[in-house]
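Each chain, written out:
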Amino acid sequence: MPNVIQIRRIGGGSMARSILVGGDEIAAAHRRAGQIIDACARLEAAVSYLEWQLTAYAWDKNHPQATQPDRQTALRAERANWDKYLHLDGRLTRVTRAFENAPVAGRVRQDARLQQLRRDWEALRERVRSLGLRRNEVVHTALGWSDGKVIRQIGRPWKQTTVVSDTDDNILWSELGNMANEIQSYTTELGRLLPFADDDQIIA
């Protein structure tokens, strides 16, 4: 019988309003920032998964005599050595390097669609990087209240502030989620033409 987790609501309803001026607006901005962080983490995972599958393909081609258990044992050991908290730029660079692995690059040269997908990666990488920069503008700032508005602050030595836009926050949240889905779909198509070796596969 499956485990059942029950969540009990305390207080019987909606959150109490803040007694501080601007407190509710700041709390809402914090929630949106959390959503943006979560969406970007999903994007980072999609990028790393793409690298992982390219790595698995290259390992398999470099070890043609390996049995399936040997392959999975070696791949698990490889995965254990990865930095699971690597920043987004680092993950993007690792994918590009994975495309440059000799077995991957050699297979790409043999297929016109793979060549196009390899070119597509350059554009995808820059779009992801741009979203990462926009994420930084949200999550590497402190929230405050000034002149009846929520502001984001970058402290000393810059001392910069910008007015928070809930519309812009929601757009970024949506774009990060959509980009994660796009990277997953890209990985799925790539895997049909460049058959991946790892048992752990996501079909999007």
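Provided above is the structure to which this section pertains.
Residues numbered from 1 in each chain as written. Predicted model: local features only at pLDDT ≥ 70, side-chain atom pairs only at ≥ 80, totals over all residues. Heavy atoms only, no water.

Draft legend 1. Molecular detail of the packing of helix α1 (residues 23-62) against helix α6 (residues 166-193). Orientation of α1 relative to α6, taken along the N-to-C sense of each, is 15°, at an axis distance of 9 Å. It follows that α1 is roughly parallel to α6 by the angle criterion. In this structure, the crossing between α1 and α6 has a hand that is left-handed. (Axes fitted to C-alpha atoms, helices over the stretch in contact; angles between N-to-C directions. Helix = DSSP H or I, 4+ residues; strand = E, 2+ residues; numbered from the N terminus. Parallel < 35°, antiparallel > 145°, perpendicular 65-115°, else oblique. Left-handed = near helix turned anticlockwise from the far one by under 90°.)

Draft legend 2. The environment of Arg-107, seen in detail. The topology assignment puts Arg-107 in helix α4 (residues 102-109). Accessibility expressed as a relative area gives 22% for Arg-107, which makes it partly exposed. In this view, Arg-107 contacts Tyr-57, Leu-114, Leu-193 and Leu-194; residues no more than four positions away in its chain are not counted. A polar atom in the side chain of Arg-107 sits 3.1 Å from the backbone oxygen of Leu-193. (Buried < 20%, exposed > 50% of the residue type's maximum accessible area, 1.4 Å probe, protein only. Contact = heavy atoms within 4.5 Å. Polar contact = N/O pair within 3.5 Å; in protein donor to acceptor, adjacent residues only side chain to side chain.)

Draft legend 3. Region of interest: unusual backbone geometry. Following Arg-156, the chain continues into Pro-157 via a peptide bond in cis, with omega recorded as 10°. With respect to the element layout, Pro-157 can be found in the loop between β2 (149-154) and β3 (160-163). The phi dihedral of Asp-147 is positive, around 55°, even though this residue is not glycine. Taking the relative accessible area as the measure of exposure, Asp-147 reaches 75% and is therefore exposed. The phi torsion at Lys-159 lies on the positive side, around 55°, for a residue other than glycine. Topologically, Lys-159 is positioned in the loop between β2 and β3. A relative accessible area of 59% places Lys-159 in the exposed class.

Draft legend 4. Inspection of the packing of aromatic side chains at higher detail. Enumeration over the complete set of coordinates arrives at three aromatic pairs. Judged by centre distance (5.2 Å) and plane angle (85°), the rings of Trp-52 and Trp-82 are edge-to-face. Separated by 30 residues along the polypeptide, Trp-52 in helix α1 and Trp-82 in the loop between α2 (68-80) and α3 (88-99) bring together distant segments of the chain. Judged by its relative accessible area of 4%, Trp-52 is buried. Between the aromatic rings of Phe-99 and Trp-121, the centroid separation amounts to 6.3 Å while the plane-to-plane angle is 40°, which identifies the pairing as tilted. (Phe/Tyr/Trp six-rings, centres within 6.5 Å; stacked < 30°, edge-to-face > 60°.)

Draft legend 5. The arrangement of the nonpolar core in detail. Judged by nonpolar contacts, the single largest core of 34 residues is most densely connected at Leu-54, Trp-121 and Leu-190. Elements supplying a minimum of two residues to this core: α1, α3, α4, α5 (112-139) and α6. Per-element tally for this core: the top contributor is α1, with 11 residues. Setting aside chain neighbours within four positions, we find Leu-190 in contact with Leu-50, Leu-54, Phe-99, Leu-114, Leu-117 and Phe-196. Trp-52, Leu-75, Trp-82 and Ala-197 belong to the second-largest nonpolar core, a separate cluster that totals seven residues. (Core = buried A, V, L, I, M, F, W, Y, C linked by side-chain atoms within 4.5 Å.)

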